[in-house]
Amino acid sequence: MSLLGGKKILLGISGGIAAYKTPLLVRALVQLGAEVKVVMTPSSKDFVTPLTLSTLSKNAVLSTFIAEDQDNPSWNDHVALGAWADVFLIAPATSNTLSAMAQGRCNNLLLAVYLSAKCPVFIAPAMDLDMYAHPSNQKNMKTLEGYGNHVLPVGDGFLASGLEGKGRMLEPNQIVSNLVSFFNPKLPLQGKKILITAGPTHEAIDPVRYVGNHSSGKMGFALAEVALEMGAEVILISGPSAEKLNHPSLKLIKIVSAEEMLHQVKKYYDDVDIAIAAAAVADFKPRHTASEKLKKQEGIEAILLTPTEDVLAFMGHTKKNQVLIGFALETENELENAKAKLSKKNLNGIVLNSLRDKEAGFSVKTNKITFIHADQRIENFPLQSKLECAYRIFEQILSL
Ligand code: CTP
């Protein structure tokens, strides 16, 4: 999908360490079909080179009022640049640039373009946590919002100073998603809230050992990624998984056990439009969890197990208007078993995957799915990546 096809995006880069991520930002925008031009403040050239940016954007990069050609000096027309753009994105926006913008100062080309541009302006702040939290910076951002600019949130995490907290520039893909939503307000899942369970659960035997399964979380994370791309707000409740996902519309909740997953589901389920249970929840947990590590010399003959609560069944039995989708992982009598789960757990649809299919199931990047609707309609799909499977699943949900 060319989500930014034909859109003209002017990227303004100011001088902060996060500028090193702007080549990825330019590439992501170009990949989605946008035409990109870049203006830089002089100090941003210490962090990223104009050559890299002009190569990726396929356009000249400007940073001065006068073109740097001594034989043929000419004016870099800031008014024309602003008029060209459908959106002016300033990323990273340092505290200095934010303050200059709020005050209407005009001592570099980026600021001159900002003051003359009539297009929507998106601002991705980036600075150290204390600078970000400083009242003067907060006030500048409020002022800029008051002028109608879109001030994006910042990320929370490691900062160049070695400190940890709020102030990181949003990741390039998150900035891109904001622009995609801006240009595509009618995305198929815009305005929908989706709850997805993912990954395995680990049921503790003692503080170091657990009962679990081989689930990697890949299918659940792929569903979340596609839902976000289609404009949804996603609550992803995941057991231990190495998968990563970052997005302004994503709430990622990490849990360990089935009980914790159920607890989180109960918090959010009432308020969602769609819920998809892709987690491989452990069906059994140790009847007792030892508080200290079990010692080898003492030996152990058996671990007594007791069933966990079925998270999906809980959602089925307390369903109001939600569309509820489950998964069935089977090794025999696949269709029959999946249909039985569909009706027993009161679902609108169930995604069947068989461990008998090569390249499908746990850990691998591909899957082969069959979607069974509550009205017994059945759609079979060939082997494809889990991301493509996620698209097929949402197409089925949207057909409901
Ligand atoms: N599920 C759940 N909570 C559990 C067990 C399963 O939410 N305690 C959900 C899974 O996320 C999946 C569906 O139920 O969407 C079916 O899971 P599956 O393991 O295929 O089947 P089970 O219901 O556990 O039955 P069985 O193990 O007997 O096949």
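Right above here is the structure, for reference.
As the structure is a prediction and not an experimental result, all values here were calculated from the model.

Reading the values: rules and limits
Residues numbered from 1 in each chain as written. Predicted model: local features only at pLDDT ≥ 70, side-chain atom pairs only at ≥ 80, totals over all residues. Heavy atoms only, no water. Helix = DSSP H or I, 4+ residues; strand = E, 2+ residues; numbered from the N terminus. Expected span 1.5 Å × (residues − 1). Buried < 20%, exposed > 50% of the residue type's maximum accessible area, 1.4 Å probe, protein only. Arc of directions from axis to C-beta. Contact = heavy atoms within 4.5 Å. Patch = residues over 30% accessible without salt bridge, like charges linked within 9 Å, V, L, I, M, F, W, Y side chains within 5 Å. Areas by Shrake-Rupley, 256 points an atom, 1.4 Å probe, with all protein chains shown as cover. Salt bridge = Lys/Arg side-chain N within 4 Å of Asp/Glu carboxyl O. Pairing = 2+ DSSP bridges. Axes fitted to C-alpha atoms, helices over the stretch in contact; angles between N-to-C directions.

A. Structural context of helix α13 (residues 386–398). Taking 1.5 Å of rise per residue, the 13 residues of α13 would be expected to cover 18 Å, and the 18 Å separating its terminal C-alpha atoms lies within 8% of that figure. The complete set of buried residues in α13 reads K386, C389, A390, I393, F394, Q396 and I397. Burial along α13 is one-sided: seen end-on, the buried residues are contained in an arc of 155°.

B. Highlighting the side chain of N353. Looking at the secondary structure, you find N353 in strand β18 (residues 349–354). Residue class for N353 comes out buried when judged on its relative accessible area of 7%. Other than its neighbours up to four places away in sequence, N353 contacts F327, A328, L329, E330, N367, K368 and I369.

C. Expanded view of a nonpolar patch on the surface. A cluster of nonpolar residues, F284, L294, I300, I303 and L305, forms a patch on the protein surface that exposes about 430 Å² of accessible area. Within the secondary structure, L305 is located in strand β16 (residues 305–307). On the basis of relative accessibility, which here comes to 38%, the residue L305 falls in the partly exposed class.

D. Geometry of the sheet that holds strand β5 (residues 121–125). The strand order across the open sheet formed by six strands is β3-β2-β1-β4-β5-β6, and the pairing between neighbours is parallel. The open sheet has two free edges, formed respectively by β3 (61–62) and β6 (150–151), since each of these has just one partner strand. Summarising the sheet, β5 and β6 pair through two bridges and their orientation is parallel. Looking across to β6, one finds that I123 is bridged to V151. In the packing of helix α5 (residues 109–116) onto the sheet, contacts are made with β1 (8–13), β2 (35–40), β3, β4 (87–93) and β5, and the angle to β4 comes to roughly 140°.

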